[in-house]
Each structure stands twice: as C-alpha cells, then as structure tokens.
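# Structure at a glance
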Amino acid sequence: MLRIAEHAGATDVGRQRQTNEDDFVDAPPFFAVADGMGGAKAGEVASQLAAEAFAGERGGEEPPEAQLERITRHANRRIYELATKDETRRGMGTTLTAALVSGGRVSLAHVGDSRAYRLRDDRLEQLTHDHSLVAELERTGQISPEAAESHPQRSIITRALGPEPDVEVDTYTVSANAGDVFLLCSDGLTAMLADDEVSSILTTSTSLDAAAQALVRAANQSGGKDNITVVLFRVEEGKTADAADGDTIAGQITADEVRGAEAAPVTKAVARRRAARAPRPLRPARRRRSPLRRALAALAAILVLGAAIGGLYAASRRVWFVGTNDAGLVTLYRGIPYDLPFGVELYSEEYESGMPARAIPASRRGRILDHEWRSRSDATDLVRALEQGRIEGR
Ligand code: CA
C-alpha cells in the first residue's frame, strides 16, 4: 500500500511583484498549485477559487482522473461566472496543476503553465506539458529549447481557467514508487531555476519543508521575478500509520485512510490563519480507555486482517498483466486485476505504451488484453512485441 509519508507547501511573492497571485492546496490526498492572472487583485481571486474547489472533496469515490477533471471544470465555471458578472474581474484567470494520490498511482489534472515533476532515483522528470505559446512553438519545432527559455512571450499561456465557460483539462496517471517525490510549482520557480538546480535542492534537503523553503529562496536569489509556489509530497510503501498513542500524525496518514476523512485543504489563506493562531497543544485530549478485553479482541482482529491483506498484497506483487488504461492505451500492470472494497486496487500501472488498444485487430484484442496473470518478462515481452508491431504482423 502506498502512503503519503511527507508533504509540504510554500508560496512567496518574489522580489519584483507587489502581490502574490499564486495559491496552493496541500490537503492529502489532494495537492495543487494555481497561478492567477488579471490585474487589480483579480488573479488572486481566480487562483483562490481554484484552490477552494478542493474543499470537501474526498479521494476514492470516483475514478481519480474523472474526479480531478470534474473539480477543475467546476472551478473554471465559478471563475468564468464571476469574471463575466463583475466588471473589475473581467479577464481574470488562473492555471491549475493538481494531483490526487490514490492506490499506487498519482493522477494529475493540468491547465496552463504550472508544472508537475517526479523525482525518482535522483532524476527529475517533468510530467506535464505547458499550455503556453512558447511551448507550442517549441513542440512544432519553430523555436529551439534555448530560444524558448528567454523568449519575450514566455508568460503567454494558451489555456487557463476562467476565460471560457468550459475548459479542456489534460489528465494523466503515473506510477508512484516508494521514495518518489512529486513537485507541483508555478512558473515563478521554473523560470528562475534550471531542472538540475531544482533536483539538487530536492536531493540534498533534509525534509520536504526544508526543500520547499530552499526552492523559494533559490528562485528569489536568481531574481524572484514572479510569485513562487511549490508543493511537495513523498510517497512510501507502508502499512497504516500507528495511531496507538492517540495522535494522528498528518504526514503519516495513508491515502486510503484519508479517503474516509474530510479533506481540509491547506491553502494560502488557511496557512496564514494557522500561522497566526496561538501554538496548538501537542496532544489532543486523552481518550477514555476501553476495557482491556475489548482492546485485546480488537487488536487480534486487526492483526489477522492485517496479515491476510499483507499476504495478499505481497503475493499480488509477483504477478503482472496487460490491459488498457483510462486513456485506452495498452498498459503493463503489476499486481492482480482486482479491486478490494473501499477503492483499494491490487495492481499498479507500471508502464503505459503509446499504443491505443483499438490499434490491435478486434479479433485478437480480447486474447491479448485478457488480464491473464503473467510473469514480469512475459508481460513485458508482450507489450514490447505489440509496440514493435511484431504481433500484428503474425
Ligand atoms: Ca506566474
């Protein structure tokens, strides 16, 4: 089972702007960054509306990508309506890059030029494609990556929440391995720091909190031309957090546990309010002790259930199968093709091929994408053969 072992968020006005129009969500299993635009405080409102759209959302009740898309489109509608009703807010908009951790995967929804990255084995990989003029020019080969970095129109984005009644949302789902660190950030970070500077800060920091602060500091030292926002989370394999002493440590809540709890988004406003509040007591009030026998019976039940699930999980990791993912692409999965109650999946997406399932002749599709249990090498060979067209040719 995958748990969110650590998470942190930080935002800063930077060195050249008067106001901070960025906002963020640090409310496991949800994380997001929104970078607002539009003068006279309108950008601030737009990004705040985007962050607020996660309030009251829980993970695990709908397919993750569909849920993120629904939240994003709802936020778009709210921003659009306010922008058309209120003269002073006309033209406001915001980017939104959001993540939802669920099972062994991280789903993303993305509009604009904020970014999501995954740091795995000290290598930083950008997971989102910018919806910006410069990125389009670069993609179509009209300008070089070097020219893109210093292009005067770098901040023009081609997609945002707010300008239109509906918005096209990119969604992705990527695998998560133990130790992976995910970074969501506004362009105030990435315009100031190269990827290798970002990854070296991430790999040398002692905690994600320290890393978030260090990233903001480094962006400011490089000029701080824009608002800077970073959200970080790290995932680990792990059992349910030990809550025996009555404390609930936010950083140790598993994704599955959080599904049952109301998500209380930490946004810029909430973070400010929290910081202003008097120090909180370290421990909540002591719980009334239940009778010893009831406690022992409960403990025994938990141990038995834990052993059963642990065994099932360990066994499932030895099996691989081939199927399709939400995008209809042939995908290699690890685990067994079953869901347990409460949205617990016994499999994780390991590799997404670029091959749509419908490219396989219908007569063979069923036999190839049959979810048959395979060894790792069998499953890998099958996907590779499909990608290279060897199976179709047979
Ligand atoms: Ca910005």
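Residues numbered from 1 in each chain as written. Predicted model: local features only at pLDDT ≥ 70, side-chain atom pairs only at ≥ 80, totals over all residues. Heavy atoms only, no water.

The next thing to look at is the packing of helix α1 (residues 42–52) against helix α2 (residues 64–85). α2 packs onto α1 with a crossing angle of 150 degrees between their chain directions and a minimal axis gap of 9 Å. Relative to α2, the element α1 lies roughly antiparallel. Between α1 and α2 lies a crossing whose hand is right-handed. Along the contact surface, α1 presents V45, A46, L49, A50 and E52, while α2 presents A75, R78, I79 and L82. (Axes fitted to C-alpha atoms, helices over the stretch in contact; angles between N-to-C directions. Helix = DSSP H or I, 4+ residues; strand = E, 2+ residues; numbered from the N terminus. Parallel < 35°, antiparallel > 145°, perpendicular 65-115°, else oblique. Left-handed = near helix turned anticlockwise from the far one by under 90°. Contact = heavy atoms within 4.5 Å.)

All of the buried residues in helix α6 (residues 195–204) are V198, S199, I201 and L202. Buried positions in α6, seen along its axis, are confined to an arc of 160 degrees and lie on one side of it. Pointing more than 90 degrees away from the buried face of α6 are the exposed residues D196 and T204. Elements in contact with the buried residues of α6: β7 (115–120), β8 (123–126), β10 (181–185), α5 (187–190), α7 (208–221) and β11 (228–237). (Buried < 20%, exposed > 50% of the residue type's maximum accessible area, 1.4 Å probe, protein only. Arc of directions from axis to C-beta.)

Another aspect to go through is the nonpolar core. Inside soluble globular proteins, nonpolar side chains tend to come together where they are buried. F54, L68, I79, M92, L96 and L161 are the most contacted members of the largest nonpolar core, which totals 27 residues. Elements represented by at least two residues in this core include exactly β2 (22–27), β3 (30–37), α1, α2, β5 (96–102) and β6 (105–111). The element contributing the most residues to this core is α1, with six residues. Ignoring anything within four residues of it in the chain, the contact list for L68 reads F30, F54, A98, A99, L100, S107, L108 and A109. Counting 25 residues, the second largest nonpolar core, distinct from the first, contains V181, V198, L208 and V230. (Core = buried A, V, L, I, M, F, W, Y, C linked by side-chain atoms within 4.5 Å.)

Another aspect to go through is the coordination of the calcium ion. With distances of 2.3 to 3.0 Å, the protein atoms coordinating the calcium ion are D35 (OD), D35 (OD), D187 (OD) and D226 (OD). Sequence positions of the donors to the calcium ion reduce to the motif D-x151-D-x38-D. Taken together, the positions of D35 in strand β3 and D187 in helix α5 put the pair 152 residues apart, joining distant regions of the chain. Taking the relative accessible area as the measure of exposure, D35 reaches 9% and is therefore buried. (Donors = N, O, S within 2.8 Å, 3.2 Å for Na, K, Ca; no water.)

Inspection of the sheet shows β7 paired to β8 by four bridges, in the antiparallel sense. Opposite Y117, over in β8, you have Q126 as the bridge partner. Hairpin connection of β7 to β8: two residues between the antiparallel strands, including D121 at a positive phi of 50 degrees. (Pairing = 2+ DSSP bridges.)

A contiguous patch of negative charge on the surface is contributed by E138, E146, E149, D195, D196 and E197. Listing elements by their share of the negative patch, those giving two or more residues are α4 (145–149) and α6. Examining the composition of the negative patch, we find that three residues originate from one element, α6, more than from any other. With respect to the element layout, E138 can be found in helix α3 (residues 133–139). (Patch = residues over 30% accessible without salt bridge, like charges linked within 9 Å, V, L, I, M, F, W, Y side chains within 5 Å. Areas by Shrake-Rupley, 256 points an atom, 1.4 Å probe, with all protein chains shown as cover. Salt bridge = Lys/Arg side-chain N within 4 Å of Asp/Glu carboxyl O. Lys, Arg positive; Asp, Glu negative; His and termini not counted. Charge placed at Lys NZ, Arg CZ, Asp CG, Glu CD.)

Relative to the assigned elements, T72 resides in helix α2. Residues T72 and A109, spaced 37 residues apart in sequence, show a C-alpha to C-alpha distance of 7.6 Å. What T72 contacts, discounting residues up to four positions off in sequence, is L96, A109, V111, L161 and V169. A polar contact is formed between the side chain of T72 and the backbone oxygen of L68, at a distance of 2.7 Å. (Polar contact = N/O pair within 3.5 Å; in protein donor to acceptor, adjacent residues only side chain to side chain.)

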